Amino acid sequence: GRDRFYECLHRYTRRALTEGRRSLHRAIELEPRFARPYAYLSWILTTEFVNGWNSARAEQLVQAVALANKGIEVDNSDPWPYAALAYGHLYLKQFGSAERAAERAIKLAPNFAVGHGTLGRVRDYAGSPKDAIDCFETVLRLDPQVPDIYLQFLGHAQFSLGRYAEAEATFKRRLIRNPRSDVSRVFLASLYGHTGRLEEARTVWREALEINPEYSLERMRAVVPYKDPSRFDFLLDGLSKAGLPE
């Protein structure tokens with residue numbers, strides 16, 4: 001279901017998340033027997049860690065998992081806490097637990113776009129980008145207005161399979177909806193490197209760093225939960241073919 005927090009969670013800005021966190025703490029104080037605020041708070045903690053925002057550290061993921069479990073304890077029929085649990089487990093690289101939680105969310109609510117999206121992310125990072133694509137296509141079918149980050153996830157899975165033309169189109173669709181994405185541009189730069197379009201690679205890389213001067217491949221390597229680390233080397237390889245980073 002779509003509600004006001006759903007939008008806030010996917011606006012992906014430090015400020016939106018800080019504001020969201022404040023209102024969720026209030027909501028939990030007022031009504032501790034309602035599962036969803038725990039799930040949303042859990043989701044925010046994981047997202048902050050993933051983006052390196054609000055000085056989030058890895059301990060925050062453990063807290064995120066605990067909050068999601070608290071939501072499940074309060075109401076085990078709501079799919080959101082299971083999706084949040086899957087998201088936290090994923091970044092702790094606990095792939096089996098993450099997959100089980102995401103599948104549970106979908107079992108409870110077969111049309112829950114975020115459940116399918118989370119399962120897609122788990123499958124992609126665990127090494128099954130083909131299965132992930134099915135999940136992301138389901139998300140886009142269930143909710144055409146879905147937050148644009150899901151286009152980046154779809155592009156990433158296509159890119160990982162070497163489906164460059166499709167991945168390029170998907171990343172560009174994302175940039176139409178979110179012109180400020182640094183990460184979609186980094187993947188595009190690597191894609192252009194892999195396909196010998198070196199000038200275009202350098203242009204989008206420069207744009208990524210203009211948007212986010214603090215962007216760091218090292219930080220990305222430390223955070224992105226690839227089960228197989230050579231997946232990250234594939235990204236670096238495309239960049240180095242284009243002589244990047246300069």
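The structure displayed is predicted, hence computed values, not measured ones.

A. Region of interest: the overall build of the chain. The secondary structure content of the chain amounts to 14 helices and zero strands. In the chain, the succession of helices and strands from N to C terminus is α-α-α-α-α-α-α-α-α-α-α-α-α-α. The globule rule puts the C-alpha radius of gyration for 246 residues at 18 Å, and the 18 Å found for the chain is close to it. Along the three orthogonal principal directions, the C-alpha set of the chain runs to about 55 × 35 × 30 Å. Per-residue burial for the chain yields a buried fraction of 54% across its 246 residues. Partitioning the contacts of the chain with sequence separation of at least 6, the portion at a separation of at least 24 is 61%. Surface summary for the chain: the accessible area is close to 11,200 Å², and the carbon and sulfur share equals 51%. In the chain, 35 positive and 31 negative side-chain charges are present, and the distance between their average locations comes to 2 Å.

B. Structural context of the packing of aromatic side chains. Following the criterion strictly, the structure yields 15 aromatic pairs and no others. Measuring from ring centre to ring centre gives 5.8 Å for Y87 and Y91, while their planes differ by 85°; the resulting arrangement is edge-to-face. Separated by four residues within a single helix, Y87 and Y91 lie in helix 5 (residues 79-91), roughly one turn from each other. A ring pair is formed by F159 and F234, whose centres lie 5.0 Å apart and whose planes are at 45°; its orientation type is tilted. You can see F159 sitting in helix 9 (residues 149-160) and its partner F234 sitting in helix 14 (residues 230-241), a full 75 residues away along the chain. What makes F234 partly exposed here is its relative accessible area of 25%. Taken together, Y40, W43, W80, Y87, Y91, F112, Y125, Y226 and F232 form an aromatic cluster joined through their ring pairs.

C. Broad picture of the packing of helix 2 (residues 14-30) against helix 3 (residues 35-51). Two elements in contact, helix 2 and helix 3, have axes whose closest approach is 9 Å; the angle formed by their N-to-C orientations is 150°. As judged from the angle between their axes, helix 2 and helix 3 are roughly antiparallel. By crossing handedness, the relation of helix 2 to helix 3 is classed as left-handed. Counting all contacts with helix 2, which are made through L17, G20, R21, L24, H25, A27 and I28, the residues of helix 3 involved are P37, Y38, Y40, L41, I44, L45, T47 and E48. Residue composition of the contact of helix 2 with helix 3, by class: ten nonpolar, three polar and two charged.

D. Layout of the pattern of salt bridges. One pass over the structure, following the stated rule, counts 16 salt bridges. K172 is the salt-bridge partner of E168, the closest N and O atoms lying 2.8 Å from each other. Of this pair, E168 and K172 both sit in helix 10 (residues 164-177), four residues apart, which is roughly one turn of the helix. Residue E168 is classed as buried on the basis of its relative accessible area, which comes to 13%. For K172, a relative accessible area of 38% puts it in the partly exposed group.

E. View of helix 8 (residues 129-142). The end-to-end C-alpha separation of helix 8 is 20 Å, in line with the 20 Å expected for 14 residues at 1.5 Å each. Within the span of helix 8, buried status applies to P129, A132, I133, C135, F136, T138, V139 and L140. Where helix 8 is buried, its residues meet helix 7 (113-126), helix 9, helix 10 and helix 14.

F. Layout of the packing of helix 8 against helix 9. At their nearest, the axes of helix 8 and helix 9 sit 9 Å apart, and the two run at 155° to each other. Of the possible angle classes, the one that applies to helix 8 and helix 9 is roughly antiparallel. Considering only the axes of helix 8 and helix 9, their crossing is left-handed. Residues P129, A132, I133, F136, E137, V139 and L140 of helix 8 form the contact with helix 9, whose own contacting residues are Y150, L151, F153, L154, A157, Q158 and S160. Split into classes, the residues belonging to the contact of helix 8 with helix 9 amount to eleven nonpolar, two polar and one charged.

G. Inspection of the side chain of T46 at higher detail. Within the fold, T46 resides in helix 3. For T46, a relative accessible area of 0% corresponds to the buried category. Excluding residues that lie within four positions of it along the chain, T46 makes contacts with L61, A64, Y87, G88 and Y91.

Calculation rules
Residues numbered from 1 in each chain as written. Predicted model: local features only at pLDDT ≥ 70, side-chain atom pairs only at ≥ 80, totals over all residues. Heavy atoms only, no water. Helix = DSSP H or I, 4+ residues; strand = E, 2+ residues; numbered from the N terminus. Rg over C-alpha atoms; globule rule 2.2 N^0.38 Å. Buried < 20%, exposed > 50% of the residue type's maximum accessible area, 1.4 Å probe, protein only. Contact = heavy atoms within 4.5 Å. Areas by Shrake-Rupley, 256 points an atom, 1.4 Å probe, with all protein chains shown as cover. Lys, Arg positive; Asp, Glu negative; His and termini not counted. Charge placed at Lys NZ, Arg CZ, Asp CG, Glu CD. Phe/Tyr/Trp six-rings, centres within 6.5 Å; stacked < 30°, edge-to-face > 60°. Axes fitted to C-alpha atoms, helices over the stretch in contact; angles between N-to-C directions. Parallel < 35°, antiparallel > 145°, perpendicular 65-115°, else oblique. Left-handed = near helix turned anticlockwise from the far one by under 90°. Nonpolar A, V, L, I, M, F, W, Y, C, P; charged D, E, K, R; others polar. Salt bridge = Lys/Arg side-chain N within 4 Å of Asp/Glu carboxyl O. Expected span 1.5 Å × (residues − 1).

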